[in-house]
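Given next are the chains, with one letter for each unit.
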Amino acid sequence: MLLYHVKEVLLKFYQDDIARIVALVVLTLSIVVGFYVSSILGLIILLFFINGCAAAVFTLNHKETVGRYLQKLKDFFGYKDYDPLAASQCDVCGNERCPRHNRNALIHEPWKGFLIEAPLDDAVDRFFSHILDTFVRNWHSQITPDEQFMLGIKSNLRDALCRLLIRAKELDAPTVITTRLLPTFFIHYEIIAKMMLVDHVPMDRLAKTFLIDEYPIHPAVLNRQAEVNYLRGVAKVLIPRLFTPENINCKIFFNLIKELLSFWVLLPLLDVISDPNLIN
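Every chain's residues receive numbers from 1 upward, in the order its sequence appears when written. Where local features are concerned, this predicted model is filtered to residues with pLDDT of at least 70; where side-chain atom pairs are given and counted, the filter is 80 or more; whole-chain, interface and lining totals use all residues. Heavy atoms from the whole structure form the basis of all side-chain values; hydrogens and water molecules are not counted.

**As for the overall build of the chain**
Put simply, the rule is: For the purposes of this entry, the term helix denotes a DSSP run of H or I that reaches at least four residues, the term strand denotes a run of E that reaches at least two, and both are numbered from the N terminus. Three labels apply to residues, based on accessible area from a 1.4 Å probe with only protein chains included: buried if under 20% of the type maximum, exposed if over 50%, partly exposed otherwise in between. Residue contacts are counted whenever heavy atoms from the two residues lie within 4.5 Å of one another.
Within the chain one finds 13 helices and 0 strands. Of the regular secondary structure in the chain, the N- to C-terminal order runs α-α-α-α-α-α-α-α-α-α-α-α-α. Residues counted as buried form 26% of the 280 residues belonging to the chain. Relative to all contacts within the chain whose residues are 6 or more apart in sequence, the contacts with residues 24 or more apart total 59%.

Structure below.
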């Protein structure tokens, strides 16, 4: 079985110009490190590269098998599958055509059943307090010294976080990873590798070359304002799924939460995820 995958990887390399260039670079690096630094370190670099290639080929060619193992891992940690049929049923009686009960009603006390450590709870509280102190308190304190408004927003943010975790546990993670995330990642990697290794596009001209060659590009990466507008759209989609109708029917609350999520949650999160130092 292992020999079969080795042959499969070698065949992929033989058919792909970019893969051959990358393999040659890694092999050269391993030889140089082996001669001038440590032979063991050079061998480790080469083995890690070979194992990574084999794992990538196996994952792409055996999505169903990988999905089954991910499903077992998901079941082991207690995550339940998302059932689209159940999502269309009434949350109270289970009837698809229920005229009385509210379908997909939000849980009004989502924090019930959550047991977290005190340090984590304190960290979450400090995170929400930092957001409110930075974005809300500076103008709210000029209107009134009453803290009920601030406490109400913090309570709603905590409830929203609990609802987000509940929905995340219902996510069909194996399908998302094997059919959406991994193919998208490898397609993007192949485009970048071709531009840098074959076309020799400088790093500072990658974005411009993307536009000139009309490669598929996400609208959020065009510029900072486009990213902010996109995140505002994401926040508008998330809010009805995380906050109660009583809150989202208030335009002031809706717009305030939208800006909080966009500028103080989603935008910093994307900045951290896309940090080259973190990726490397």
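**A look at the UniProt feature "transmembrane region" (unreviewed entry) in the chain**
Put simply, the test is: UniProt positions are given in the numbering used here, feature names are shortened, and annotations may be inferred rather than shown by experiment.
Cross-referencing UniProt, the feature "transmembrane region" (unreviewed entry) maps to residues 21–50 in the present numbering. Each end of residues 21–50 is marked by a C-alpha atom, and these two atoms are 14 Å apart; helix forms 93% of the span and strand 0%.

**Examining the layout of surface pockets**
Cut-off, in case you're wondering: Lining residues are defined by having an atom within 4 Å of a point belonging to a cavity or pocket. Those points lie on a 1 Å grid over the protein atoms alone, cavities being sets where a 1.4 Å probe fits but cannot get out and pockets being open sets with protein on both sides within 12 Å along at least five of seven lines. Grid points are joined across faces, edges and corners, and a volume is the space filled by probe spheres set on the points. In this classification, the charged set is Asp, Glu, Lys and Arg, the nonpolar set is Ala, Val, Leu, Ile, Met, Phe, Trp, Tyr, Cys and Pro, and all remaining amino acids, among them Gly, are polar.
Each pocket or cavity is described by its volume, and for the largest pocket that value is around 2400 Å³. Contributing to the lining of the largest pocket are 49 residues, with His-218, Val-221, Leu-270, Ile-273 and Ser-274 lying nearest its centre. Elements with a contribution of two residues or more to the lining of the largest pocket: α6 (118–140), α7 (148–169), α8 (173–198), α9 (206–212), α10 (224–242), α12 (251–273) and α13 (276–279). Here the residues of the lining of the largest pocket are counted per class, giving 41 nonpolar, 5 polar and 3 charged.

**Some thoughts on a nonpolar patch on the surface**
Stated formally: Patches draw on residues past 30% relative accessible area with no salt bridge. Two like charges within 9 Å are joined, as are two nonpolar side chains (Val, Leu, Ile, Met, Phe, Trp, Tyr) within 5 Å. Under the convention used here, a 1.4 Å probe and the Shrake-Rupley method define accessible areas, while residue burial counts only the protein chains that appear. Just to be clear on terms, a salt bridge is a Lys or Arg side-chain nitrogen sitting within 4 Å of an Asp or Glu carboxyl oxygen.
Among the surface-exposed residues, Leu-27, Ile-31, Val-32, Phe-35, Tyr-36, Val-37, Ile-40, Leu-41, Ile-44 and Phe-48 lie close enough to one another that they form a single nonpolar patch of about 1100 Å² accessible area. Those elements that provide at least two residues to the nonpolar patch are α2 (17–36) and α3 (39–61). In terms of residue count, α2 provides more of the nonpolar patch than any other element does, 5 residues in total. Tracing the backbone through its elements, the reader meets Ile-40 in helix α3.

**Here we look at the packing of aromatic side chains**
Quick note on the threshold: Pairing of aromatic rings covers Phe, Tyr and Trp, the last through its six-membered ring, and needs centres within 6.5 Å; plane angles under 30 degrees mean stacked, over 60 mean edge-to-face, and all others mean tilted.
By the definition in use, this model includes 4 aromatic pairs. With centroids separated by 5.6 Å and ring planes inclined at 45°, the aromatic side chains of Phe-127 and Phe-128 adopt a geometry described as tilted. We classify Phe-127 as partly exposed; its relative accessible area is 38%. According to the relative accessible area criterion, Phe-128 is buried, its value standing at 6%. Measuring from centroid to centroid gives 6.4 Å for Phe-135 and Trp-264, while their planes differ by 65°, and the two rings are edge-to-face. With Phe-135 in helix α6 and Trp-264 in helix α12, this pair connects stretches of sequence that are 129 residues apart. Residue Phe-135 is classed as partly exposed on the basis of its relative accessible area of 24%.

**Points about α8**
What sets the pattern is the α-helix's 3.6 residues per turn: residues three or four places apart point alike. Formally: Multiply 1.5 Å by the residue count of a helix minus one, and that product is the helix's expected span. A residue's bend is given by the angle between axes fitted to the 7 residues ending at it and the 7 residues starting at it.
Its 26 residues give α8 an end-to-end C-alpha distance of 35 Å, which sits within 8% of 38 Å, the value for a rise of 1.5 Å per residue. Where α8 bends most, at Leu-181, the angle is about 30°, and the proline Pro-183 comes one to four residues later. Looking at the buried side of α8, the elements it contacts are α2, α4 (63–76) and α9. Within two residues after α8, His-200 carries a phi angle of roughly 55°, on the positive side.

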